[in-house]
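Chain by chain, the residues run as shown.
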Amino acid sequence: MISIIVTHKRNTHYIKDCLESIAEQNYDDIETILVLDHTEDDLTDLINSVKDSINLKLYQLEDAEGVSAARNLGLSKAGGEYVMFLDNDDYLTPDYLASMMEKFDEKTDMVYSQFRHTWFQKSAFNKAQQEQEENEDEIEETISQYNFDDVREYMFFKYKRLEKLSVLGAIYRKSLFIEHNISFNNEQFYFADAKVLVGLLTKIRAAKSCAEAIYVKRSHNDKNENPSLNQIAKEITMPNYFVAYDNAMIAAKGDKELKDHLNVILGKFIVKPFLRKIRNPKEEWNDVWPNEYYQGISVRAKEINMKAITHKNFNRLEKNMIKACGLGDIDYTYKKGIKVLFRRKWKKMLTNRRVFNKTITIYVFSRFKTRNDWIVFESFMGRNCSGQPKYIYKYLQENYPNKFKCIWVVDRRGVKIPGKHVTCKRFGIRYYYYMNRSKYWVNNMRQPLSVPRREETIMLATWHGTPLKRLVFDMDDVHSANPEYKNIVFKQTREWDYLLSDNPFSTEKFQSCFRFEKEKILEAGYPANDPLYSPNKEEEAIAIKKKLGIPLDKKVILYAPTWRDDNFYEAGQYGFDLALDLDRLKKEFGDEYVVLLRLHYFVVEKMDLDKYGDFTINGCTYDDITDLYLVSDILITDYSSVFFDYANLERPILYYAYDIEKYRDVLRGFYLDMEKDLPGPILLTNDDVVEAIKNIDQIEADYKERYQQFYDTYCCIDDGHAAQRVVEEVFADAL
C-alpha cells in the first residue's frame with residue numbers, strides 16, 4: 001500500500017484538483033492521509049465527494065503548525081509500506097502510481113518521476129499532455145541534458161537553490177524514515193525539505209527513475225495575494241534558510257558529493273542577493289535583507305569548499321565575491337559585486353540592442369528635461385494606428401493642431417497616420433528617447449515594464465473593450481503563455497494615472513480585475529466608438545467598402561473571434577483553429593453576402609483565404625476595426641469584447657460559441673450569463689450558424705427587447721463625443 005500524505009492550510013481551489021488526481025489513479029492499494037493545518041477553509045463538500053474513492057483519512061494538526069509538523073503527523077499515521085508527499089496545490093497524471101510502483105524491487109528504496117511545472121489546472125494540463133503523446137512515438141523527457149537514471153545527477157541538475165530541494169515527485173519506502181529517524185523539523189516553516197531529502201539520499205540502497213510518470217507542480221499566478229511557500233517575502237523566510245542549510249550539511253555527513261552541491265547552492269545565495277543590493281537603493285535592500293543576512297552568510301561562507309565552486313557554476317569574478325564574503329569583509333564583497341554587474345551589463349549591451357537602448361535611457365536621456373507638450377501614442381503593441389489612441393490623437397489634431405508634438409509608436413512600415421506627427425519603432429533608441437522625454441503616454445495595452453517611467457509622466461491607459469471574459473485577478477487560473485501574467489499586470493497597472501471606462505459595468509469590473517482605484521477610472525466612453533455616431537457614417541461605410549474591395553451590392557458578415565489562452569507559441573503569440581465552415585457559408589450565402597474575417601491581434605496564424613475567392617475578405621491586417629464595424633451588416637463573434645462596441649450600431653449579433661463549456665469552465669469564465677444577458681443567440685454548430693443567418697430578421701425581432709436592455713446598460717455613455725471628454729480631462733493642464 002502507498003500512503004499519500006497531503007497537508008492543507010489554504011487554497012481550497014487548488015486542493016480539489018489534487019485530491020481528484022488521486023481518485024483518478026489506476027492503482028488500487030492507496031490511502032490518502034489529509035492533515036489539516038489549522039485551516040479556515042470549509043472542505044466538507046469536497047471531502048464528502050472524494051472520501052470513498054481515495055480511502056481518505058483525515059487528521060487535525062493541534063500541538064504545532066506548519067507543513068513540517070503536518071507531514072510528520074502524516075508519517076506517523078501512514079499505514080503503507082510506501083509513502084509519498086503531495087502538495088495540496090499539485091496533482092498527479094492518471095498513470096502516476098501504477099507506473100512508479102512497477103519500478104520497485106526488493107533493493108529499491110526510492111523511485112522518482114518526471115517533474116513538470118505548470119500554471120494550468122488539471123483538466124487543461126492532462127488534455128495538453130494527451131495531445132502531445134498522441135503526436136509522438138516516444139515519451140518526451142522534460143530535460144535531456146542530464147542522466148535521468150542517475151538520481152544524484154538528476155537532483156543536482158534540477159535543484160540549484162535550497163528552496164528547490166524537495167521530497168516531492170518521488171515514492172519512498174517508509175522504512176527509510178523509521179530506521180534512520182528521518183523527519184521534518186517542526187520549528188521550520190520554510191525550506192524544510194532540504195534536510196530530509198539530503199538525509200534520504202545518503203541512506204537509500206538504490207533508486208530508479210520513471211519517465212512515464214509526471215508529478216505536476218502547479219505555480220501560483222498571484223504571489224501578491226496568494227503566494228506559495230516559495231513566494232513568501234524573503235525577510236520572513238530568510239532566518240529559516242540558514243537553519244535549513246546547516247541541517248542539510250549535517251544530514252550529508254561524510255557524503256562529499258552532496259556537501260559540494262550544497263556549497264554551490266550557498267555560493268549562489270551569496271552572489272544573487274549581493275547583486276540585488278548593488279542594484280537597489282540601500283533602504284530597499286535593508287527592508288528585504290536585514291543585518292542577519294550579512295552575519296549568517298559570512299559565517300557559513302568561511303566553511304565553503306572553494307574547490308566545489310567550479311567555473312561550471314560560477315565565473316572568476318563571482319568566485320572572488322564568494323571568497324571575499326568568506327573573509328567577512330562586506331565592503332570588499334560589494335566591490336567585487338560591482339565588477340560582476342559591470343561585466344554582465346557590458347555583455348548584455350553588446351549582445352542585446354534593447355538593453356543597450358535602455359541603458360542609454362537611464363544614463364543619458366533621463367538627464368534631459370521632460371517636454372510637457374509631447375505625447376506618445378501606441379496601439380496594440382505598435383502594430384497599427386487604431387483604437388482609443390487613434391481617436392484621441394485625431395481629436396487633438398482637429399482641435400489643437402499646433403499644441404502638441406505627437407509621437408506614434410509603430411513597428412510596421414506603411415502604417416498610414418493622418419496629421420502632423422513623428423514615428424518611432426518600439427524598443428528602438430528613438431522610442432526610449434521619446435518615452436523618456438514625453439509627459440504623456442496614451443496606450444490601449446499594458447506598457448512594457450522595461451521602459452523607465454519618470455515621476456512626472458502621466459499615463460493614460462485607454463484599454464480596448466468592455467470585458468465579457470474574466471480578466472487578470474478575476475481569473476482563478478491563468479492558461480495563457482506567461483505564468484507571471486498576474487504579477488506583471490499588477491506592476492504595470494500601478495503605473496497608470498488614468499484608466500478609461502466605457503460604462504458603469506466596466507468601471508466596476510476594472511476595480512477588481514486590475515485592482516485599480518475607482519478614483520482613477522475615467523468613465524467617459526470610448527473614443528474609438530465616436531465614428532459609430534457620425535452623421536455621415538453611411539457615406540463613410542461606402543468609402544471603406546471600396547477600399548476593401550467589397551461589392552456595394554453585397555451585405556457583409558464580420559467574423560471576429562477572440563484567441564484561446566491555451567493555444568499559444570509564446571507570450572503574445574497565439575494560434576487559432578478556424579471552426580467556421582466558410583465553404584458551406586459560401587455555398588449557402590455567396591450570392592448575397594461576403595465574409596470579412598478579423599482575428600484577434602494576438603493570433604499569428606496566416607489564414608489562406610484564396611480558395612474562397614471574393615466571398616471572403618481578410619481584414620486581419622486592416623488597421624482599424626471601427627471601420628469594419630461600419631461596413632458590416634451582421635457580426636459573428638464568440639467571447640470577444642467587440643460585440644459591446646458593435647452594439648452601438650444596433651445591428652444583429654450572433655455568437656458562435658462552439659467551445660463554450662471549455663472557455664467558460666476551464667480557460668476564463670465570464671462576467672455575464674451568455675445565455676441570458678447577450679443580445680443574440682448562442683450557436684454551437686455550423687448548422688446553427690447557417691440557420692441563424694437565414695432567419696436573421698426573425699432573430700432581430702426575437703431579441704429586440706433584450707438588445708435594447710443591453711444597449712441601455714453597456715452603450716449608455718458613447719455619443720460621438722468621448723474623445724472630447726477624455727482630452728479635456730487628461731490634458732487639461734496643457735490646453
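Computed from a predicted model, the values in this text were never measured in an experiment.

Mind showing me how you'd approach the sheet that holds strand S14 (residues 498-501) here?
The strands making up a sheet associate through backbone hydrogen bonding, with each pair oriented either parallel or antiparallel. Taken in spatial order, the seven strands line up as S11-S10-S9-S12-S13-S14-S15 in an open sheet, and their pairing is parallel. The open sheet has two edge strands with one neighbour each: strand S11 (422-424) and strand S15 (521-523). The mean angle between the axes of side-by-side strands here comes to 25 degrees, regardless of whether they run parallel or antiparallel. Taken together, the three bridges between strand S10 (residues 405-409) and S11 define a ladder with parallel strand orientation. Bridge pairing links Trp408 to Thr423 in S11.

Hey, could you run me through the environment of Phe125 in this one?
Relative to the helices and strands, Phe125 resides in helix H5 (residues 122-134). The class of Phe125 is buried, set by a relative accessible area of 8%. In contact with Phe125, other than residues within four places in its own chain, are Tyr91, Thr93, Arg116, Thr118, Phe120, Ile214 and Val216.

How do you make sense of the packing of helix H13 (residues 316-326) against helix H14 (residues 330-351) when you look at a structure like this?
Packed helix pairs are characterised by how far apart their axes lie and by the angle those axes make with each other. At a closest axis distance of 8 Å, the pairing of H13 and H14 adopts a crossing angle of 165 degrees. By the angle class used here, H13 and H14 are roughly antiparallel. Considering the relative orientation of H13 and H14, their crossing is left-handed. Facing H13, whose interface residues are Leu317, Glu318, Asn320, Met321, Ala324 and Cys325, H14 presents Tyr332, Thr333, Lys336, Gly337, Lys339, Val340, Arg343 and Arg344. Partitioning the contact of H13 with H14 into residue classes produces six nonpolar, three polar and five charged.

I keep staring at the packing of aromatic side chains and nothing clicks. Help me out?
Going through the model one piece at a time under the given rule, you end up with 42 aromatic pairs. Seen in terms of ring centroids, Trp463 and Trp496 are 6.5 Å apart; in terms of plane orientation they differ by 50 degrees. Their pairing is tilted. On the criterion of sequence distance, the pair formed by Trp463 in the loop between strand S13 (458-461) and helix H18 (485-493) and Trp496 in the loop between H18 and S14 is long-range, its members being 33 residues apart. Per residue, the accessibility class of Trp463 equals that of Trp496, and both read buried. One aromatic cluster is present, formed by Phe505, Phe643, Phe644, Tyr655, Tyr671, Phe710 and Tyr714 through successive ring pairs. Lying across the ring of Trp374, Lys405 places its NZ or CZ 4.6 Å from the centre.

Please clarify how the sheet that holds strand S4 (residues 82-85) should be interpreted in this entry.
Reading across from one edge, S3-S2-S1-S4-S7-S6-S8-S5 is the order of the eight strands in this open sheet, with mixed pairing throughout. This sheet does not close on itself; its edge strands, each paired only once, are strand S3 (56-60) and strand S5 (91-92). The pairing of S5 with strand S8 (residues 207-218) spans two bridges and is antiparallel. Pairing of Tyr91 across the sheet is with Val216, part of S8. Across the sheet, helix H1 (residues 12-23) lies against strand S1 (2-8), strand S2 (30-36), S5 and S8, angled at about 175 degrees from S1, the strand it touches most.

Is there a simple way to think about the nonpolar core in this case?
Generally speaking, nonpolar side chains in soluble globular proteins are found buried as a group. Counting 104 residues, the largest nonpolar core has Met110, Tyr172 and Phe177 as the members making the most contacts within it. Looking at this core, the element that brings in the most residues is helix H10 (residues 256-279), giving 11 residues. With near-sequence residues (within four places) excluded, Phe177 lies in contact with Leu75, Val83, Phe85, Tyr172, Ile182, Val196 and Leu200. The next biggest cluster of nonpolar side chains, apart from the first, holds 98 residues, and it includes Cys424, Phe505, Cys513 and Tyr663.

What is the right way to read a nonpolar patch on the surface from this model?
Side chains of Ile362, Tyr363, Val364 and Phe368 sit close together on the surface and give an oily, nonpolar patch of about 350 Å² of accessible area. With respect to the helices and strands, the residue Val364 is situated in the loop between helix H15 (353-363) and strand S9 (371-378). On the basis of relative accessibility, which here comes to 33%, the residue Val364 falls in the partly exposed class.

What should I look at first to understand the side chain of Asp624 in this one?
Summarising the element assignment, Asp624 is placed in the loop between strand S20 (616-618) and helix H22 (625-631). At 2.8 Å, the side chain of Asp624 forms a polar contact with the side chain of Lys390. Excluding residues that lie within four positions of it along the chain, Asp624 makes contacts with Ser386, Gly387, Lys390 and Tyr391.

Help me out: how do you make sense of the pairing of strand S21 (residues 634-637) in this one?
On a regular strand, each side chain points to the face opposite its neighbour's, so the side chains alternate between the two faces of the sheet. Burial along S21 is two-sided: the face carrying Ile634 and Ile636 and the face carrying Leu635 and Thr637 are both buried. With three bridges joining them, strand S16 (residues 555-559) and S21 adopt parallel strand pairing. Note that in S21 the partner of Tyr559 across the bridge is Ile636. Two elements, S21 and strand S22 (residues 653-656), share three bridges in a ladder whose sense is parallel. Of the residues in S22, the one forming a bridge with Leu635 is Ile653.

Looking at this structure, I do not really get the pattern of salt bridges. What am I missing?
If charged atoms from side chains of opposite charge come close, those side chains can pair. What the rule picks out here adds up to 34 salt bridges. Where Arg453 meets Glu495, a salt bridge forms, and the shortest distance between an N and an O atom there is 3.7 Å. One end of the pair, Arg453, is in the loop between strand S12 (438-443) and S13; the other, Glu495, is in the loop between H18 and S14, and 42 residues separate them in sequence. A residue is classified by how much of its surface remains accessible, and Arg453, at 24% relative accessible area, is partly exposed.

I keep staring at the confidence of the model for the protein and nothing clicks. Help me out?
Parts of the model with low pLDDT should not have their predicted coordinates read in detail. Put simply, the protein has an average pLDDT of 86, and 88% of its residues get 70 or more. Per-element averaging of pLDDT across the protein places strand S17 (residues 568-570) at the bottom with 39 and S4 at the top with 98. Confidence drops under a pLDDT of 50 for residues 135-144, and excluding neighbours within four residues, the segment shows 13 contacts in the predicted structure. Contacts from residues 565-575, a stretch scored under 50 in pLDDT, to residues over four places away or in other chains number 45 contacts.

Quick notes on the rules
- Residues numbered from 1 in each chain as written.
- Predicted model: local features only at pLDDT ≥ 70, side-chain atom pairs only at ≥ 80, totals over all residues.
- Heavy atoms only, no water.
- Pairing = 2+ DSSP bridges.
- Helix = DSSP H or I, 4+ residues; strand = E, 2+ residues; numbered from the N terminus.
- Axes fitted to C-alpha atoms, helices over the stretch in contact; angles between N-to-C directions.
- Buried < 20%, exposed > 50% of the residue type's maximum accessible area, 1.4 Å probe, protein only.
- Contact = heavy atoms within 4.5 Å.
- Parallel < 35°, antiparallel > 145°, perpendicular 65-115°, else oblique.
- Left-handed = near helix turned anticlockwise from the far one by under 90°.
- Nonpolar A, V, L, I, M, F, W, Y, C, P; charged D, E, K, R; others polar.
- Phe/Tyr/Trp six-rings, centres within 6.5 Å; stacked < 30°, edge-to-face > 60°.
- Lys NZ or Arg CZ within 6 Å of the ring centre and 35° of its normal.
- Core = buried A, V, L, I, M, F, W, Y, C linked by side-chain atoms within 4.5 Å.
- Patch = residues over 30% accessible without salt bridge, like charges linked within 9 Å, V, L, I, M, F, W, Y side chains within 5 Å.
- Areas by Shrake-Rupley, 256 points an atom, 1.4 Å probe, with all protein chains shown as cover.
- Salt bridge = Lys/Arg side-chain N within 4 Å of Asp/Glu carboxyl O.
- Polar contact = N/O pair within 3.5 Å; in protein donor to acceptor, adjacent residues only side chain to side chain.
- pLDDT = per-residue confidence, 0-100.

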